[in-house]
Amino acid sequence: MSQGDPLRNVAVIFCTKNTEDTIENAIANVKHSSYNPSIIVIDGFSTDSTIEIAKKAGASVAMEQPERKFPGKGIAMRTGLEQSIKLGADVSVFLDADIKNLTSEWVDTLVQPVIEGGYDMSRGYYERHPRDAAVTKLVARPMISIFFPSLSSIEQPLSGEVCAKNQVWKHLLDKGPPDGWGIDIWFLIEAALAGYKMREVFLGKKEHTSFEAYREDIGKLSKMSEQVLFTILQEAVKYNQFDTYRTVST
């Protein structure tokens, strides 16, 4: 694809883990997007019927990630992008697979700024339950405001709903993203510091099943918090931002 060619082909990627209750509805709704996307499901070794249901629902690709590792979201995302590139997509969209109120409008809202608006990446933000997004509120946003203050206005630095041109994703993959939960914040920081043009888009209210697992005990998010925290610290060291911690009042 030359620089002047239009972006046409869209792939939606779901990284799944025991989402048999939501994946069929998610795929059915995504199919109604005006961008007619291919659908890729990369599964983290579910113990339920997620892959089988995804195949029956019409996913173009439904497969397990190549390495049995948990947390392994980064592995799943890299695999999804590799499959998207194989399919010849120009744009890839990540969506969480456990969203109960997902609609085709989410895809259209994320894709439009990239295909029609001149942006390299779009990122979703949303209204959530007051107890939701604990890692975002207590770790990601405070740490970003210290080490990467130019990104402090980002509402959802850990958004699972992200769209970008595949040429952008390819460039980021070449930088060696992490295997685990740090992948989302890593993509944000690396894309921003590479100078890519980004836009956040409002997707409405987000209702997702994974919230039920930790709504009464955010301690279950300790591993995610740890990996997000250390990813930000590693990026701060890499980009000579670590000494900004000295500005923090204690």
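Worth saying up front: this structure is predicted, and the values here are computed from it rather than measured.

Visitor: I'd love a proper account of the sheet that holds strand 3 (residues 61-64), names of residues and values included.
Guide: Spatially, seven strands are ordered 3-2-1-4-6-5-7 in an open sheet, and the strand pairing comes out mixed. Both edges of this open sheet fall to strand 3 and strand 7 (198-205), since each of them pairs with a single strand only. Adjacent strand axes in the sheet meet at a mean angle of 20° when their direction is disregarded. Pairing geometry for strand 5 (residues 121-127) and strand 7, over six bridges, is parallel. Residue pairing in the sheet places Glu127 in a bridge with Lys205 of strand 7. Where helix 1 (residues 23-30) meets the sheet, it contacts strand 1 (10-16), strand 2 (38-43) and strand 4 (91-96), and its direction lies at approximately 170° from that of strand 1. Contacting strand 1, strand 2, strand 3 and strand 4, helix 3 (residues 73-86) runs over the sheet at an angle of about 150° to strand 2.

Visitor: So, the nonpolar core: which residues are in play, and what are the values?
Guide: If you look at the biggest cluster of nonpolar residues, it comprises 31 residues, and the most contacted ones within it are Phe14, Ile27, Val30, Val41, Val93, Leu95 and Leu102. The set of elements that each furnish at least two residues to this core consists of strand 1, helix 1, strand 2, helix 2 (50-57), strand 4, helix 4 (104-115) and strand 7. No other element matches the five residues that helix 4 contributes to this core. Setting aside residues up to four positions removed in sequence, Val93 forms contacts with Val10, Ala11, Val12, Ile13, Leu110, Val111, Val162 and Cys163.

Visitor: So, the packing of aromatic side chains: which residues are in play, and what are the values?
Guide: Considering all chains together, one arrives at eight aromatic pairs under this definition. A ring pair is formed by Trp169 and Phe187, whose centres lie 5.0 Å apart and whose planes are at 75°; its orientation type is edge-to-face. Of this pair, Trp169 sits in helix 6 (residues 166-173) while Phe187 is found in helix 7 (residues 183-193), placing the two residues 18 residues apart along the sequence. Of the two residues examined, Trp169 and Phe187, each falls in the buried class. Among the aromatic residues, those joined into a cluster by ring pairs are Phe94, Trp169, Trp186 and Phe187.

Visitor: Lay out the environment of Pro66 with the relevant residues and their values.
Guide: For Pro66, the position within the fold is in the loop between strand 3 and helix 3. With 15 residues separating them in the primary sequence, Pro66 and Ile51 have C-alpha atoms 14 Å apart. Ignoring sequence-local partners within four residues, the contact set of Pro66 consists of Ile75 and Thr79.

Visitor: Give me empty space enclosed by the protein: which residues, what numbers.
Guide: One pass over the structure, following the stated rule, counts one cavity of 30 Å³ or more. When its volume is computed, the largest cavity comes out at roughly 40 Å³. Every residue lining the largest cavity is listed: Met77, Met121, Arg123, Ser159, Val162, Trp169, Ile183, Asp184 and Phe187. Sorting the residues of the lining of the largest cavity by element identifies strand 5 and helix 7 as the ones contributing at least two each. Broken down by element, the lining of the largest cavity gets its largest block of residues, three residues, from helix 7. Its residues assigned to classes, the lining of the largest cavity comprises six nonpolar, one polar and two charged.

Visitor: Just give me the short version of the layout of surface pockets, but keep the residues and values in it.
Guide: Each pocket or cavity is described by its volume, and for the largest pocket that value is around 1,200 Å³. For the largest pocket, the lining is made up of 46 residues, of which Lys73, Asp98, Trp181, Ser210 and Met224 are closest to its centre. Partitioned by chemical class, the residues of the lining of the largest pocket number 21 nonpolar, twelve polar and 13 charged. Taken as a whole, the second largest pocket holds about 200 Å³ of empty space. In terms of lining residues, the second largest pocket is bounded by 16 residues, among which Pro177, Pro178, Asp179, Thr231 and Gln234 are the most central.

Visitor: Could you give an account of the pattern of salt bridges, naming the residues involved and the relevant values?
Guide: Under the criterion given, the structure shown has 13 salt bridges. Lys175 is the salt-bridge partner of Glu190, the closest N and O atoms lying 3.6 Å from each other. Of this pair, Glu190 sits in helix 7 while Lys175 sits in the loop between helix 6 and helix 7, and the two are 15 residues apart along the sequence. Exposure remark for Glu190: the relative accessible area of 1% places this residue in the buried category.

Visitor: Pulling in residues and values, what's your account of unusual backbone geometry?
Guide: Put simply, Phe70 and Pro71 share a cis peptide bond, and its omega is -5°. Turning to its location among the elements, Pro71 is positioned in the loop between strand 3 and helix 3. Phi is positive for Asn36, close to 45°, though the residue is something other than glycine. Among the structural elements, Asn36 can be located in the loop between helix 1 and strand 2. One non-glycine residue, Ala133, lies in the positive phi region at around 65°. Among the structural elements, Ala133 can be located in the loop between strand 5 and helix 5 (134-147).

Analysis parameters
Residues numbered from 1 in each chain as written. Predicted model: local features only at pLDDT ≥ 70, side-chain atom pairs only at ≥ 80, totals over all residues. Heavy atoms only, no water. Pairing = 2+ DSSP bridges. Helix = DSSP H or I, 4+ residues; strand = E, 2+ residues; numbered from the N terminus. Axes fitted to C-alpha atoms, helices over the stretch in contact; angles between N-to-C directions. Contact = heavy atoms within 4.5 Å. Core = buried A, V, L, I, M, F, W, Y, C linked by side-chain atoms within 4.5 Å. Buried < 20%, exposed > 50% of the residue type's maximum accessible area, 1.4 Å probe, protein only. Phe/Tyr/Trp six-rings, centres within 6.5 Å; stacked < 30°, edge-to-face > 60°. 1 Å grid on protein atoms, 1.4 Å probe; cavity = no way out; pocket = protein on both sides within 12 Å on 5 of 7 lines; lining within 4 Å. Points joined across faces, edges and corners; volume = space filled by probe spheres on them. Nonpolar A, V, L, I, M, F, W, Y, C, P; charged D, E, K, R; others polar. Salt bridge = Lys/Arg side-chain N within 4 Å of Asp/Glu carboxyl O.

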